[in-house]
Each structure stands twice: as structure tokens, then as C-alpha cells.
Amino acid sequence: MIVVVIGVSGSGKSTIGTRLARAMGGRFLEGDTLHSPANIDKMSRGVPLNDDDRGPWLSDIHARIADASRRGVDLVVACSALKQQYRQTLERGVALTWVYLKGSEALFRSRLQQRTSHFMKADMLASQFDALEEPSNAIVIDAAATPDAIVATILRQLSLAARVRVLTDVDALSAQAAAAAVDIINGAVAAHGRCSLALSGGDTPRGLYRLLGSQFRAQVPWARVHIFWGDDRYVPADHPESNYRMARETLLDHVPCPASNIHAMPTHLSPAAAAAAAYEKVLREYFDGGDGPAFDLNIMGVGEDGHTASVFPGSRAVDEQERWVLDAHTNATPEWRLTLTLSALSRSRNIFFLVAGATKASALRHALAADSDPHVYPAAGIRPTTGTVVWWVDSASAQSRRG
Ligand code: 6PG
């Protein structure tokens, strides 16, 4: 996970960044250490830097961020990043989280006046506030709070179970996710004798399903694996739009998973509400009346509109807390769906989101943002309390776009 703590001088970036990195078990990078001697001399003389001064400095920081992302290292960076264009440089090709330490000029001036060594002088603070363009996609923190309170708030909002892995393309993310899936499946079987694997539909997961049924086929104890669906279209099982049919064609027809372990949504039952209730009964029996379907691994996707499973913007499945499975009429094709609710989906022990393509960049950014409204971006409502979430995304979707 990459977190960049931003704000003007005196906002506490270094103090908070250091403590946050320690709490995350990650590394800390003080952006100011990468300034050139010429920049430091200029600032020490009370002369504000211009965009030309900042260009090479920001590129150096971006190189460190991209390297940490490639290597899957948790990194916290402290950097003023006052302008949107600076932030665009730092986030190019990387999924990262901005944390903005917001406060008054008076508060930060009083802090700077207590400093002696730092090259940023208090009287340069005004130029920093003049240059500041507040971020619209950051975790916003009241910089006046205590460092402990600030770090606790950030950790809570980062929901540190989330992990973002950026791979070059959908084939690369499918291969990495498949290998990780095999580990989770085998871990579940070793821990409790069986694995519950929930599948989703769409196109993105096809590559992963094919790999599980071919390259990784022999590494999975299929007789111990139970297959479920997080959603399906309310169509016959042999319909071209059926998620069950897609899973059969890409995976289940190629592996020795017993028919009794394959728990398809009963789309033959009518009406749809009865089918949903019947599937909920299957889940409650399998999970032995627990407080939710704790799938060992739940493979999910995100639509361009931010939907996940068949929970679309404005769906009643966003707020439903009692039922685990609902029938849903949508504006998508096919329009009738059966879907688990966000609350039920969030009970999974491990969730893999697979996201690929530039058209998903906005939905991905909103899904990852701590302050997104799940009624607008349902994927943002998948917030496991105890489980982990790994986002397997390609670089095209990781491009953080406006909008
Ligand atoms: C479905 C899926 C749905 C899917 C997204 C992304 O039934 O369609 O469960 O939630 O994951 O629509 O689909 P793509 O992977 O095709 O973009």
C-alpha cells in the first residue's frame, strides 16, 4: 500500500508519516530529503521554489513510489504536493492513497516559529497557502489533533485490510491472483478441511478461472472445494449471460470438483424472490447459521458505474443488513439478478477484486476512497471487519483520473 501524506509546512507531515509507517509495518520516505542542494539553498534564503525547481524533485519521489508499488512494499511518503499537477506526477501509474493534513495558517506558523533547523521559514508559509490546491480525493485530517489520534483515524479510514497490487495488464494480474488464490484455497483446506470459493461474472475473472482449471489445476484439492456465486443473472443455467455457465465453460468443466460441491444460484425457481430465499437457505446451512457467508475466498469485480456483484448504485442491497441474498431489478442486461448484499459480501475471509482497463479507473479510485458513498459506488461498501481485501488491478485502471 502506498500512502502520501500531504500539506503545507508545519502541518505535521513528517511526524505523522513516520508514525503511520511504523503502525503499518512499512517504510517511510521524507520527500524533503530528495530536494537538490540548489532547492534547499533557495528555500533557506526565503525564496519560494517554482514549478521548474519542483519538477526533478517530484520525479525522484515518483520513482521511489513506483518502485515500492512494483515490489509490493508498504510505503508512506511525506511530501507537500500542494498542487494537483504535482499529485498527478506522483500518482502516475500507481494506486495510492492521499492523506491531507488540513489546518489554519496561524496553527502552522506557530509550529514553524518553534523550529530552528528546518530550511522552510515561517514567512514562506503564506506562499505555500497561496500555491495550495486542496485535493478532492484524499483522506482529510484535522492537523490540530494529536499525532496518536491522527494516526488512529488514518489507519481506520485506510481499512488496512485493503491491499492494492498493480500489474501491467489483465493477463499478469490474472496469473498473480491465481497463484495467490491457490495459496488461500490450500490454506483453508489445511485449516478447516474445506474451502468455500465464491465466483463472480463478467469478463475480467475469466483469465483467472481458466488458469485455475489448467496451469494451477493440479495444485488445488478440488474434492474439498465448494463453489458458490456472489451473484448471477436471473436466467436459465445454460443462458449465454449466465455467470454459472461462464464458470462452467472456463473452470468447472475442467476440474474434478464434485457436483455436490457446486452450489449454483437456483435461477430456475420462480419468482426471483423465492430463488433468492432458497439460495440464502443454502448459504445459511453451509455456514452453519453464522452471522454471514464467510467465504474463504470471494472473487469480485467492479463495473464502470462502481457496482459490484449485482449491487448497482441505489440498490436496496447496499443497506440491507438482515438478508444475505436478494433479488434485484437493475438497469443492466439481463435486468433481473440474484445478488448477495454488501453486508453479506463483506463477511468473506478473503476478497479478491479484479479490475482491468482504463474505463475502470474512475470506479476503482472511488471504490478505494475512504469517503466514497456506497449508494453511489457500491464497491466502496465492501468493508470487511475481519477479512482482507486485495485489489488486483492493471496499470490502465490504476491511472487515477478526474471525474
Ligand atoms: C456480473 C458480475 C459483475 C462484474 C462487473 C465487472 O454478474 O456481471 O458479478 O459484478 O464483476 O460487472 O464486470 P467485467 O469484469 O466484465 O468488467
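Each value, and the rule that gives it
Per chain, residue numbering runs from 1 following the sequence as it is written. In keeping with the predicted nature of the model, local features appear solely for residues at pLDDT of at least 70, side-chain atom pairs appear and are counted solely at 80 or more, and the whole-chain, interface and lining totals rest on all residues. Side-chain figures throughout are based on the complete set of non-hydrogen atoms in the structure, without hydrogens or water. Runs of E in the DSSP output that reach at least two residues are strands. Runs of H or I that reach at least four are helices, and both are numbered from the N terminus. With the radius of gyration taken over C-alpha atoms, the globule rule is written as 2.2 Å times the number of residues to the power 0.38. Burial classification: accessible surface area is computed with a 1.4 Å probe over protein chains only, and a residue below 20% of its type maximum counts as buried, one above 50% as exposed, and the rest as partly exposed. By definition, residues are in contact when any of their heavy atoms lie within 4.5 Å. All accessible areas in this document rest on Shrake-Rupley with a 1.4 Å probe, and a residue is counted as covered only by the protein chains that are shown. Positive charges come from Lys and Arg alone, negative charges from Asp and Glu alone, with His and the N- and C-terminal ends not counted. All charge positions are set by atom: Lys at NZ, Arg at CZ, Asp at CG, Glu at CD. To define a nonpolar core, start from buried Ala, Val, Leu, Ile, Met, Phe, Trp, Tyr and Cys residues and group those joined through side-chain atoms within 4.5 Å. At least two DSSP bridges between two strands are required for those strands to pair. Here, axes are lines fitted to C-alpha atoms. For helices the fit covers the stretch in contact, and angles between N-to-C directions go from 0 to 180 degrees. Where each domain begins and ends is defined by an automated method or by a domain database. Buried area adds together the accessible area that both of two parts lose upon being put together, with accessible area traced by a 1.4 Å probe. What counts as a salt bridge is simple: a side-chain nitrogen of Lys or Arg found within 4 Å of a carboxyl oxygen of Asp or Glu. For the purposes of these results, a polar contact is taken to be a pair of N or O atoms within 3.5 Å, where, inside protein, one atom must be able to donate a hydrogen and its partner to accept one; residues adjacent in sequence count only when each atom of the pair is a side-chain atom. Residue type decides the class: Asp, Glu, Lys and Arg count as charged, Ala, Val, Leu, Ile, Met, Phe, Trp, Tyr, Cys and Pro as nonpolar, and the leftover types, Gly among them, as polar.

Asks: Where do I start with the overall build of the chain in this structure?
Replies: Each helix and strand counted, the chain has 14 helices and 14 strands in total. Taking 2.2 N^0.38 as the reference for a compact globule, 403 residues should give roughly 22 Å; the C-alpha atoms of the chain span a radius of gyration of 24 Å, in line with that estimate. Across its three principal axes, the chain shows a C-alpha extent of roughly 75 × 40 × 35 Å. Evaluated residue by residue, the chain yields a buried proportion of 54% over its 403 residues. Relative to all contacts within the chain whose residues are 6 or more apart in sequence, the contacts with residues 24 or more apart total 77%. When the accessible surface of the chain is summed, it comes to about 16,700 Å², and 51% of that surface belongs to carbon and sulfur atoms. Between the averaged position of the 41 positive side-chain charges in the chain and that of its 42 negative side-chain charges there is a distance of 4 Å.

Asks: Can you help me understand the nonpolar core in this one?
Replies: One recurring pattern in soluble globular proteins is that nonpolar side chains are buried together. Core analysis: the biggest nonpolar cluster contains 80 residues, and Trp229, Phe352 and Trp391 have the highest contact counts within it. In terms of residues, this core owes the most to one element, helix 8 (residues 170–192), which gives 10 residues.

Asks: Sorry if this is basic, but what is going on with the sheet that holds strand 3 (residues 75–78) here?
Replies: Within a sheet, neighbouring strands are paired by backbone hydrogen bonds and run either parallel or antiparallel to one another. Read across the open sheet, the 5 strands follow the order 2-3-1-4-5; overall the sheet is parallel. Edge positions in the open sheet fall to strand 2 (27–30) and strand 5 (138–142), since each of these has one partner strand only. Taken pair by pair, the neighbouring strands of this sheet meet at an average axis angle of 20°, ignoring direction.

Asks: Can you help me understand the sheet that holds strand 12 (residues 336–340) in this one?
Replies: The 3 strands are arranged 9-12-11 in an open sheet whose pairing can be described as antiparallel. In the strand order of this sheet, the two ends are held by strand 9 (231–233) and strand 11 (325–329), each with one partner. Each adjacent strand pair in this sheet contributes to an overall mean axis angle of 20°, direction not counted. As defined by bridge partners, strand 11 adjoins strand 12 across 5 bridges and the pair is classed as antiparallel. Within strand 12, the residue paired with His329 across the bridge is Trp336.

Asks: What am I meant to see in the environment of Ser36 here?
Replies: Relative to the assigned elements, Ser36 resides in the loop between strand 2 and helix 2 (37–44). Along the backbone, Ser36 and Trp57 are 21 residues apart, and their C-alpha atoms lie at a distance of 7.3 Å.

Asks: How should the domain arrangement of the chain be read in this particular structure?
Replies: Many authors give the size of an interface as the accessible area that is lost as the parts come together. According to the domain assignment, the chain contains domain 1 (2–161) and domain 2 (164–394). Spacing between the C-alpha centres of domain 1 and domain 2 amounts to 37 Å. Counting residues at the interface gives 10 residues for domain 1, matched by 10 residues for domain 2. Across the domain 1/domain 2 interface, buried area totals approximately 760 Å², and carbon plus sulfur atoms make up 52% of it. Here domain 1 and domain 2 share 0 salt bridges between them. Applying the counting criterion to the domain 1 and domain 2 interface returns 0 residue pairs in polar contact (both at pLDDT 80 or more). Tallied by class, residues from the side of domain 1 that touches domain 2 come to 4 nonpolar, 6 polar and no charged.

Asks: I'm lost on the pattern of salt bridges in this one. Help?
Replies: If the charged atoms of two oppositely charged side chains come close together, the side chains can form a pair. One pass over the structure, following the stated rule, counts 18 salt bridges. Notably, a salt bridge pairs Glu134 with Lys102, separated by 2.6 Å at the nearest N-O pair. One end of the pair, Glu134, is in the loop between helix 6 (125–131) and strand 5; the other, Lys102, is in strand 4 (residues 97–102), and 32 residues separate them in sequence. Exposure remark for Glu134: the relative accessible area of 43% places this residue in the partly exposed category. Taking the relative accessible area as the measure of exposure, Lys102 reaches 36% and is therefore partly exposed. A salt bridge links Lys281 to Glu285, with the shortest nitrogen-to-oxygen separation between them at 2.7 Å.

Asks: Explanation requested: unusual backbone geometry in the structure shown.
Replies: With the exception of glycine, most residues fall at negative phi, and the peptide bonds are largely trans. A cis amide bond links Ser270 to the next residue, Pro271, at an omega of 0°. In this fold, Pro271 is placed in the loop between helix 10 (243–250) and helix 11 (272–286). Between Thr333 and the following residue, Pro334, the backbone shows a cis peptide bond with an omega angle of -10°. With phi around 45°, Ala81 is a residue other than glycine that occupies positive phi space. Of note, Ala81 is situated in the loop between strand 3 and helix 4 (84–91).

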